[in-house]
Amino acid sequence: MSLPVPVVWNEDCLRHEPGGEVWLGVRDEGTEVPARAVVLRDALAAAGAPVVPARPHGDEIVRTVHDPELVDHLAGIWRDWEQAGLPAEYGRDRVVPYVFPTPGMLAGLPPRSPPAVHGRAGLFCYDTMTLVGPGSWAAIRGAVDAALTAADLVSSGARLAYALCRPPGHHVTRSAYGGSCYLNNAAIAAQALRAAGARRVAIVDVDAHHGNGTQMIFYERSDVWYGSLHVDPGAGWFPHYAGYAAERGRGDGEGSNRNLPLAPGTADDGWLAAVNALCGEAHALAPDAVVVSLGLDAAAADPESPLCVTEAGYRAAGRLAGALGPAVLIQEGGYDLASLGGLAVAALSGAAEGAGLDTSS
Ligand SMILES: [Zn+2]
């Protein structure tokens, strides 16, 4: 058996050491750790998938998808934090914002970029659990290069390509990051596919959490459809403020957004019924290319979600998504180091089967 899906790998993705997360006022260890990427790469390579290096790409697509000020902020915030002496003199070893300029706070005042870095840290961030450290920018940008390389492979004829992106990306909107995500790898891949000639792209997001960032980036567009199944944010799960069934898009994007919130405890049957429904809607649009936000955190053993999906479930989901058309698979969440590798192999094997690739050699 082999796994004929190229795995795009970037060593820089290991350089992001979030150093935990501040959750409900306490700094916990966190689960978005470099070992995730190593486990995924090693399991996929052992299953026979070719590992190919990410190629460097320019910023054009990134700055189309995201507010260029967000990109510049992420590129420079650690340097500014360090230069202000926060790590050395005050023991603040990661960028953690403490003030957030919400619309309610500003009430129409003009937006400002405060000169003090500790004031500015919350300008483009919406939570306290998405920390920035010395190697973060290299990894963030490295994950983008992995996504763009996978998109290149599919645009030039590959039926499937998988980008081993870390940190993940689907919680990042046009101008705000959070949820352990910094730049939206899946949205960037979708935009790259559009730029390479795909007239319509469908994004299928199977991560356990709603991809609020991807939803909002394409919310008013009809050329990129977004569909997600995820644990119901109304049941107390991140991202809390988005991911409800009534969110269907706006303006030109009206009808191009589909959310299928699931009850905590949902297992293979209910989860796969939702995957099947989303893939059916995507198929009806006859997309020229597909992006799969492949979160593996819907698995039963995952510490970050209450969904109960098995390896067999991920394999079946892979089959459904892989059958839709040329597809870029983007790694999103997935945090149980013991089961992560097997889940990824199952999902990619299913995708290869769905795409009709030869897995026998
Ligand atoms: Zn997730």
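Below you will find a few notes about this structure.

Describing empty space enclosed by the protein
Tallied over the entire structure, the rule returns one cavity of 30 Å³ or more. Volume-wise, the largest cavity comes out at about 80 Å³. In terms of lining residues, the largest cavity is bounded by 13 residues, among which Val292, Leu294, Ala317, Gly318 and Ala321 are the most central. Mapped by element, the contributors of at least two residues to the lining of the largest cavity are α10 (268-284), β9 (289-294), α11 (311-322) and α12 (340-354). Sorting elements by how many residues they give to the lining of the largest cavity places α11 first, with four residues. For the lining of the largest cavity, the per-class residue count stands at twelve nonpolar, one polar and no charged.

Structural notes on the pairing of β9
Of all six residues that make up β9, six are buried, and the element is covered over most of its length. What you see with β9 is no split at all: Ala289, Val291 and Ser293 on one side and Val290, Val292 and Leu294 on the other are buried throughout. Of the pairings in the sheet, the one linking strand β6 (residues 201-205) to β9 comprises five bridges and is parallel in character. When the sheet's bridge partners are listed, Val204 is paired in β9 with Val292. Considered for its hand, the β-α-β crossover made up of β9, α11 and strand β10 (residues 327-331) is right-handed.

What counts and how
- Residues numbered from 1 in each chain as written.
- Predicted model: local features only at pLDDT ≥ 70, side-chain atom pairs only at ≥ 80, totals over all residues.
- Heavy atoms only, no water.
- 1 Å grid on protein atoms, 1.4 Å probe; cavity = no way out; pocket = protein on both sides within 12 Å on 5 of 7 lines; lining within 4 Å.
- Points joined across faces, edges and corners; volume = space filled by probe spheres on them.
- Helix = DSSP H or I, 4+ residues; strand = E, 2+ residues; numbered from the N terminus.
- Nonpolar A, V, L, I, M, F, W, Y, C, P; charged D, E, K, R; others polar.
- Buried < 20%, exposed > 50% of the residue type's maximum accessible area, 1.4 Å probe, protein only.
- Pairing = 2+ DSSP bridges.
- Right-handed = clockwise from strand over helix to strand, strands pointing away.

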